[in-house]
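Spelled out, the chains give:
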Amino acid sequence: MGAESNLGSMAELASLCKRRGFIFQSSEIYGGLSACYDMGPLGIELKRNLKQRWWQAMTHRRDVVGIDASILMHPMVWKASGHIDNFSDPLVDCKKCKARFRADQIDLNAGCPSCGAKGEFTEPRPFNLMFKTRMGAVENEAMDVYLRPETAQGIFVNFLNVQSTMRLKLPFGIAQIGKAFRNEITPGNFIFRMREFEQMEMQYFIKPGTQKEAMAMWKEVRWNWHVGLGLRPERLRFAPHPADKLAHYADAAVDIEYEFPQGFGEVEGIHSRTNFDLTEHQKYSGKNLQYVDQENGNQKYIPYVLETSIGLDRVLLAVLCDAYRQETPDEGEPRTVLRLSPALAPLKFAVLPLMKKPELEKVANQVFDDLALDFPGEYDTSGSIGKRYRRQDEIGTPYCVTIDYTTLEDQAVTVRSRDTMAQERINISQLKDYLKQRLLQK
Ligand code: GAP
């Protein structure tokens, strides 16, 4: 198809996400809560598909197991990990308009980006990004606890539990998916930077000295995972962290970035975290976290860690940006289409009786019920057939199945492809195999 195609802006994508039930602002009827979002019926299907792919890619390996740790953890965890002392951004306020900025993201000499006032900034001061809350029923006995800013620490504190109960030998990984919370100073770009988000993290425990090989292996594995989602490789790149910008726990790090409408941005971090976290937890907890290397004369040491850390909402945004097109086909009206890979598409098919007539709906219902045993789909009778196709294009449904009067005679339906807009006549008895072949390709 000689279709013109162009990529939309983030605002256009956000509008489609709202209009079509992918993503809503949190607490919208109260004016919204900044940098918090809710997944709608289609957003949650897409998110679950992404989650499932990651979980499968990680835990179906013979060297990685999964866990699900609690969000609230003992406060000493965050002292040991360095988050209480180091997990902060430098904050400045404009004394004139009261706007707040990250001092490292603006030119302090150029004046306030909000009101233009010069020389009105407060001194930069560290602002800790962790949300604090209190645990316990009686106010004065309550203990300060934090909403976790990363899922990784739930893995580190369970290192021995998992290693000993599962009888694991190095190298092995522990994977986890879960919510994380950061009181970001400058959130934004739709769901790119939020205050509540979900991470998919894996800590790969290795013998000290093998971190370079582990980094090389995981860089390749993770790159291929992103390409496997259908993201265009030319919109992906590796971005190594310069030595002076490394996090307090890392001796090397590289990000996988995607080219969003606002430019390249981090989707996943691959970090060589040394033995920093386990050493700290051993120190603060007083528990011996050494590994006994039975294959090397019972040598005892604290393993090194290679971490892969990806934002689930961040990669969901990359997938949506990559799939979003506005096209003008050679023949026909312009259309907006989400060219999602069939494996990720929230709905795999739509059944559309040409008209709202009982004899057509009877067959359409049977076709729907049979397909729905294997795939999530939609049944839609409202509006012209052209409008219904466009609606399915906008939410990325790969195939539409239309039942018309000829169906009653020849037991065949029209299958229309989202990507090519081509239509094929398929016998109902062949329909499921036809769709299976195409939907399960990737
Ligand atoms: N355990 C290491 C860690 O948390 P990070 O680079 O701070 O590393 C990892 O975060 C990933 O989490 C990022 O690559 C990004 O995809 C996601 N992420 C971080 N902050 C986020 C935010 N405020 N909103 C959405 N996703 C975020």
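Residues numbered from 1 in each chain as written. Predicted model: local features only at pLDDT ≥ 70, side-chain atom pairs only at ≥ 80, totals over all residues. Heavy atoms only, no water.

Chemist: For this particular structure, what's the right way to read the site of the ligand?
Modeler: The ligand sits among 21 residues. The nearest are Glu150, Met194, Glu201, Glu266 and Val267. Here an oxygen atom of the ligand sits 3.0 Å away from a polar atom, N or O, in the main chain of Gly311. Computed on the free molecule, the ligand has an accessible area of 560 Å², of which 92% lies beneath the protein chains in the complex. Those elements that place two or more of their residues in the shell around the ligand are β11 (196-206), β14 (263-274) and β17 (304-311). For the shell around the ligand, the element with the most residues is β14, which contributes 6 residues. The residue makeup of the shell around the ligand, split by class, is 6 nonpolar, 5 polar and 10 charged. (Near = heavy atom within 4 Å. Polar contact = N/O pair within 3.5 Å; in protein donor to acceptor, adjacent residues only side chain to side chain. Areas by Shrake-Rupley, 256 points an atom, 1.4 Å probe, with all protein chains shown as cover. Helix = DSSP H or I, 4+ residues; strand = E, 2+ residues; numbered from the N terminus. Nonpolar A, V, L, I, M, F, W, Y, C, P; charged D, E, K, R; others polar.)

Chemist: Just checking my understanding: could you explain the sheet that holds strand β10 (residues 172-181) for this structure?
Modeler: By way of backbone hydrogen bonds, the strands of a sheet pair with one another, either parallel or antiparallel. On the basis of which strands lie adjacent, the open sheet formed by 7 strands has the order β4-β10-β11-β17-β14-β13-β12 and mixed pairing. Since the sheet does not close on itself, it has two edges, and those belong to β4 (64-66) and β12 (236-240), each with one partner. Neighbour to neighbour, the strand axes of the sheet diverge by 25° on average, direction disregarded. Sheet topology places β10 next to β11; 10 bridges connect them, and they run antiparallel. Residue Gly173 lies in a different strand from β11, and its bridge partner there is Tyr204. Helix-sheet contacts for helix α7 (residues 211-228) involve β4, β11, β12, β13 (252-260), β14 and β17, and the interaxial angle to β17 is about 20°. (Pairing = 2+ DSSP bridges. Axes fitted to C-alpha atoms, helices over the stretch in contact; angles between N-to-C directions. Contact = heavy atoms within 4.5 Å.)

Chemist: Explain the sheet that holds strand β23 (residues 412-417) to me, please; I cannot follow it from the model alone.
Modeler: Pairing is mixed across the open sheet formed by 5 strands, whose spatial order is β21-β20-β22-β23-β24. This sheet does not close on itself; its edge strands, each paired only once, are β21 (377-379) and β24 (423-427). Direction aside, neighbouring strands of the sheet carry axes that sit 25° apart on average. Of the strand pairs in this sheet, strand β20 (residues 349-353) and β21 are connected by 3 bridges, and their pairing is parallel. Following the sheet pairing, Ala350 is matched in β21 by Glu378. Docked against the sheet, helix α10 (residues 358-372) engages β20, β21 and β22 (399-403), running at close to 170° with respect to β20. The strands touched by helix α13 (residues 428-439) within the sheet are β20, β22, β23 and β24, with β24 carrying the most contacts at an inclination of about 125°.

Chemist: I'm lost on the environment of Val254 in this one. Help?
Modeler: Its location among the elements puts Val254 in strand β13. Look at Val254 and you get buried, because its relative accessible area is 5%. On a C-alpha basis, the gap between Val254 and Pro90 in space is 23 Å, while along the polypeptide they are 164 residues apart. Other than its neighbours up to four places away in sequence, Val254 contacts Met215, Lys219, Phe238, Ala239, Pro240, His241, Glu268, Gly269 and Ile270. (Buried < 20%, exposed > 50% of the residue type's maximum accessible area, 1.4 Å probe, protein only.)

Chemist: What is the right way to look at the nonpolar core in this model?
Modeler: Soluble globular proteins tend to pack their nonpolar side chains together in the buried interior. Counting 57 residues, the largest nonpolar core has Phe22, Leu50, Trp54, Phe260, Leu317 and Leu320 as the members making the most contacts within it. No other element matches the 9 residues that helix α9 (residues 312-323) contributes to this core. If we ignore the near neighbours within four places in the chain, the residues touching Leu317 are Met10, Leu13, Asn189, Phe190, Ile191, Phe192 and Phe260. (Core = buried A, V, L, I, M, F, W, Y, C linked by side-chain atoms within 4.5 Å.)

Chemist: What am I meant to see in the state of the cysteines here?
Modeler: One covalent bond between the sulfur atoms of two cysteine residues makes up a disulfide. If you walk through the whole model with that rule in mind, you get 0 disulfides. Residue Cys112 stays outside any disulfide, its sulfur separated by 3.8 Å from that of Cys97, the closest cysteine. Owing to a relative accessible area of 5%, Cys112 belongs among the buried residues under this scheme. The cysteine Cys321 is free of any disulfide, with Cys17 supplying the nearest cysteine sulfur at 8.5 Å. The class for Cys321 is buried, based on a relative accessible area of 10%. (Disulfide = S-S within 2.5 Å.)

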